[in-house]
Amino acid sequence: MSLLIVGTVAFDAVETPHGKVPRMLGGAATYAAVAAGYFTPVRLVSVVGEDYTAREHDIFRGRPIDTAGLERVPGPSFFWSGKYAPNMNDRTTLDTQLNCLATFDPKLPPHYRDSRYVFLANIAPALQLSVLKQLKKKPKLVGLDTMNYWMDSALEDLKAVLRHVDVLLVNDSEARQLSGHHNLIEAAAIIQRMGPRAIIIKRGEHGATLIRGRHVFVAPAMPLRRVTDPTGAGDSFAGGFMGAIAQSGKTDTAALSRAMIYGSVMGSFAVERFGLDRIRRLTRPQIRERARQFRHLTHFDL
Ligand code: AMP
């Protein structure tokens, strides 16, 4: 089953304790699409500027990723720059330049309009809603990721799109900001009243928690010797999660919990190298093997 993904395709400048990359391909939709593409066909919706060339586009070639919905316009692409603290979990956004995103008005190619699985990756909430409105019928599952930038600048738009969302994926500080509550279980209960029946709270090296009604499932993060660059970990998690759901065709709690492990697998690969360097070179056996390692990590008998 195809997975429709809308989000940013961007250029990033990233500094971590392991090095500094002044310019590389990034973007929430880029990470999510590449990660999901190992599980299911993807239909990408985004916008890029003149600085996006065949070299960047190479990332999507040879994968089941349809780029008919990737619009090219004059001017520069979305640009983001961030710096990680020595603990690698805290990061500061140094710069966000919307550039071509500021005037983007997505038009879904006609063959995208029957998509049954939709991932609204990080991008302006008004654009996330516009994409949903263009679908022929209500999808089986809609996931949404967002960040503090949009909570600060477009909260009402975000609340409007949240009413149509099944699964919200956010990190712990974003869940606290959106709900106004520090306790994450309480925060999830408040967010559930805004629309999404399920919330996934990503906590970096501490793993991720799924809360759906009274059901709670916790996926650990892979204990890694070296984390090189956490950028895109959340988007890769979301791509693996949504890709596994679209592949299985199931949306019950057990399917969501299982998909959390594939999300954790893809997030754990993403952080091993800078940018997309690791997740662009994966094989399915490597993904299966790491999923098995996750099973060993958490298995015990009572
Ligand atoms: P993550 O580390 O998973 O939160 O995602 C990092 C990616 O999100 C980077 O590649 C950025 O280009 C992209 N990004 C950063 N800020 C925004 C924003 N405000 N809206 C959409 N995408 C963003």
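Calculation rules
Residues numbered from 1 in each chain as written. Predicted model: local features only at pLDDT ≥ 70, side-chain atom pairs only at ≥ 80, totals over all residues. Heavy atoms only, no water. Helix = DSSP H or I, 4+ residues; strand = E, 2+ residues; numbered from the N terminus. Buried < 20%, exposed > 50% of the residue type's maximum accessible area, 1.4 Å probe, protein only. Near = heavy atom within 4 Å. Polar contact = N/O pair within 3.5 Å; in protein donor to acceptor, adjacent residues only side chain to side chain. Areas by Shrake-Rupley, 256 points an atom, 1.4 Å probe, with all protein chains shown as cover. Core = buried A, V, L, I, M, F, W, Y, C linked by side-chain atoms within 4.5 Å. Contact = heavy atoms within 4.5 Å. Pairing = 2+ DSSP bridges. Axes fitted to C-alpha atoms, helices over the stretch in contact; angles between N-to-C directions. Phe/Tyr/Trp six-rings, centres within 6.5 Å; stacked < 30°, edge-to-face > 60°. Lys NZ or Arg CZ within 6 Å of the ring centre and 35° of its normal. Salt bridge = Lys/Arg side-chain N within 4 Å of Asp/Glu carboxyl O. Lys, Arg positive; Asp, Glu negative; His and termini not counted.

Draft legend 1. Fine view of unusual backbone geometry. One non-glycine residue, methionine 88, adopts positive backbone phi at about 70 degrees. Relative to the elements of secondary structure, methionine 88 occurs in the loop between strand E6 (78-84) and strand E7 (91-97). For methionine 88, a relative accessible area of 12% puts it in the buried group. Positive phi outside glycine occurs at asparagine 99, with the angle close to 50 degrees. Relative to the helices and strands, asparagine 99 resides in the loop between E7 and strand E8 (117-120). Its relative accessible area of 28% is what places asparagine 99 among the partly exposed residues.

Draft legend 2. The site of the ligand, seen in detail. If you check the shell around the ligand, you find 21 residues, and the closest are Asp12, Gly27, Arg91, Gly232 and Asp235. At 2.4 Å from an oxygen atom of the ligand is found a side-chain nitrogen or oxygen belonging to aspartate 12. One of the side-chain N or O atoms of tryptophan 150 is found 3.0 Å from a nitrogen atom in the ligand. Relative to its unbound accessible area of 510 Å², the ligand is 94% covered by the protein chains.

Draft legend 3. Structural view of the nonpolar core. Ranked by internal contacts, the top residues of the largest apolar core, which has 56 residues, are Ile5, Phe119, Ile200, Phe241, Ile279 and Ile287. Residue contributions to this core peak at 9 residues, all from helix H9 (residues 253-270). Contact partners of isoleucine 279, with chain neighbours within four places excluded, come to Tyr31, Val34, Ala35, Tyr38, Ser236, Met266, Phe269 and Ala270.

Draft legend 4. Seen up close, the sheet that holds strand E13 (residues 215-219). Taken in spatial order, the 9 strands make up an open sheet running E5-E4-E1-E8-E9-E10-E11-E12-E13, and their pairing is mixed. Both edges of this open sheet fall to strand E5 (65-72) and E13, since each of them pairs with a single strand only. Taking the axes of each pair of neighbouring strands and ignoring which way they run, one obtains an average angle of 15 degrees across the sheet. Note that strand E9 (residues 141-145) and strand E10 (residues 167-171) share 3 bridges and pair parallel. Pairing of leucine 144 across the sheet is with leucine 168, part of E10.

Draft legend 5. Region of the structure containing the packing of aromatic side chains. All told, the structure shown has 3 aromatic pairs when counted by the stated rule. For the ring pair tyrosine 149 and tryptophan 150, a centre distance of 4.7 Å and an interplane angle of 80 degrees mean the geometry is edge-to-face. Residue classification places tryptophan 150 among the buried positions, given a relative accessible area of 8%. Here the aromatic rings of phenylalanine 237 and phenylalanine 241 are separated by 6.4 Å at their centres, their planes lie at 15 degrees, and the arrangement is stacked. Of this pair, phenylalanine 237 and phenylalanine 241 both sit in helix H8 (residues 233-248), 4 residues apart, roughly one helical turn. In terms of burial, phenylalanine 237 and phenylalanine 241 fall into one category: buried. Over the face of the ring belonging to phenylalanine 11 we find arginine 23, whose NZ or CZ atom lies 3.9 Å from the ring centre.

Draft legend 6. Quick peek at the pattern of salt bridges. Taken as a whole and assessed by the stated rule, the structure comprises 10 salt bridges. Between arginine 61 and aspartate 58 there is a salt bridge whose closest N-O contact spans 3.1 Å. By relative accessible area, which is 46% here, arginine 61 ends up partly exposed. Where arginine 292 meets glutamate 289, a salt bridge forms, and the shortest distance between an N and an O atom there is 3.0 Å.

Draft legend 7. Representation of the side chain of aspartate 12. By secondary structure assignment, the location of aspartate 12 is in strand E2 (residues 10-16). Buried and unpaired, aspartate 12 has no salt bridge, with arginine 91 as the nearest side chain of opposite charge at 7.7 Å.

Draft legend 8. Structural detail: the sheet that holds E7. Pairing within the open sheet is mixed, and its 4 strands lie in the order E3-E2-E6-E7. Looking at strand neighbours, the two that pair on one side only are strand E3 (19-26) and E7, the edges of this open sheet. Neighbour-to-neighbour, the strand axes of the sheet open up by a mean angle of 15 degrees, direction not taken into account.

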